[in-house]
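Notes for the structure review
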Amino acid sequence: MFHRVETAAGPRMWILLLLIASLSIAPAISQTVEIADLELRQSAESSELELVADGPLVWTQYRDADSNLVIELPNTVVGEAMEQLESADGLVRSVELMTVENGERPLTRLVVHTSAEAEHTLTVDDSVLHLTFSPPLAVAALESEAIEGSPIVQDADSPTAPGDVSSEPLLDETPIA
């Protein structure tokens, strides 16, 4: 016959190990990061936005119904001295910062309003988020053509004119002797 011998230390040991394990990962999951600085630099060619936090950043980005760029930063809060940014010049017209506190984890939402259509690049270096805005390539190319004053005009007799369905070859197909 077998007798089961239980000691009080066995179950207590497992509970203690589980408690230590949960406490060791809890700060990594729930640590709130504070946004310490937000700076906007604008030039004729581009606009740069730099967000600095006191810890590593995780983000999600998307465009809203009005084509504004929205960046959501979970587990972050806006620092007390932070203000909304507004600019009369450049591609970036304004930047809104708001913290939404639903449940246990805060979420900071950054909404970038542009004055014209713009492309953006986003890079993160640990606790610094860099955004660069520039005019779309197609718009930039059209503006450069208008500045140079050299519109593209095609001759109606040209075989590349729109609607031309000529069956004549575009290249001379004479063999080289």
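My aim in this report is to walk through the structure given alongside it, one point at a time. (Residues numbered from 1 in each chain as written. Predicted model: local features only at pLDDT ≥ 70, side-chain atom pairs only at ≥ 80, totals over all residues. Heavy atoms only, no water.)

Now for the pattern of salt bridges. The tally for this structure, following the rule as stated, stands at 3 salt bridges. Two residues, E39 and R41, come together in a salt bridge whose shortest N-O distance is 3.1 Å. With a relative accessible area of 32%, E39 lands in the partly exposed category. Among the residues examined, R41 registers a relative accessible area of 34% and is labelled partly exposed. Look at the salt bridges and you will find they share partners, linking E39, R41 and E48 into a network. (Salt bridge = Lys/Arg side-chain N within 4 Å of Asp/Glu carboxyl O. Buried < 20%, exposed > 50% of the residue type's maximum accessible area, 1.4 Å probe, protein only.)

Of all hydrophobic cores here, the largest spans 22 residues; its most connected members are L110 and L131. For this core, the elements supplying multiple residues, two or more each, are strand 1 (33-42), strand 2 (47-53), strand 4 (69-74), strand 7 (92-102), strand 8 (105-114) and strand 10 (128-134). Setting aside anything within four residues of it in sequence, one finds L131 in contact with S47, E48, L49, L69, I71, L110, V112, H120, T121 and L122. (Core = buried A, V, L, I, M, F, W, Y, C linked by side-chain atoms within 4.5 Å. Helix = DSSP H or I, 4+ residues; strand = E, 2+ residues; numbered from the N terminus. Contact = heavy atoms within 4.5 Å.)

Strand-to-strand pairing in sheets goes through backbone hydrogen bonds, with the strands running parallel or antiparallel. Ordered in space as 5-1-2-10-9, the 5 strands form an open sheet in which the pairing is mixed. Strand pairing shows two members of the sheet lacking a second neighbour, strand 5 (76-78) and strand 9 (119-125), which therefore form its edges. On average, adjacent strands in this sheet sit at an angle of 25° to one another, irrespective of strand direction. Relative to strand 10, strand 2 runs antiparallel, the two sharing 6 bridges. What sits directly across from L51, in strand 10, is L129. (Pairing = 2+ DSSP bridges. Axes fitted to C-alpha atoms, helices over the stretch in contact; angles between N-to-C directions.)

With antiparallel pairing, 5 strands are arranged side by side in an open sheet as 3-4-8-7-6. Only two strands of the sheet have a single partner each, and these edge strands are strand 3 (60-63) and strand 6 (85-86). Sheet topology note: the strand 7/strand 8 ladder contains 10 bridges and is antiparallel. If you follow E101 over to strand 8, its bridge partner there is P106.

Once that is clear, we can look at the pairing of strand 7. Examined bridge by bridge, strand 6 and strand 7 share 2 bridges and lie antiparallel to one another. Among the inter-strand pairings, L85 is bridged to a residue of strand 7, identified as V95. Connecting strand 7 to the next strand, strand 8, in antiparallel fashion are 2 residues, including G103 with a positive phi near 80°.

Tracing the backbone through its elements, the reader meets E72 in strand 4. A polar contact of 2.8 Å, which involves the side chain of E72, links it to the side chain of R109. Excluding residues that lie within four positions of it along the chain, E72 makes contacts with V58, W59, T60, Y62, L107, T108 and R109. (Polar contact = N/O pair within 3.5 Å; in protein donor to acceptor, adjacent residues only side chain to side chain.)

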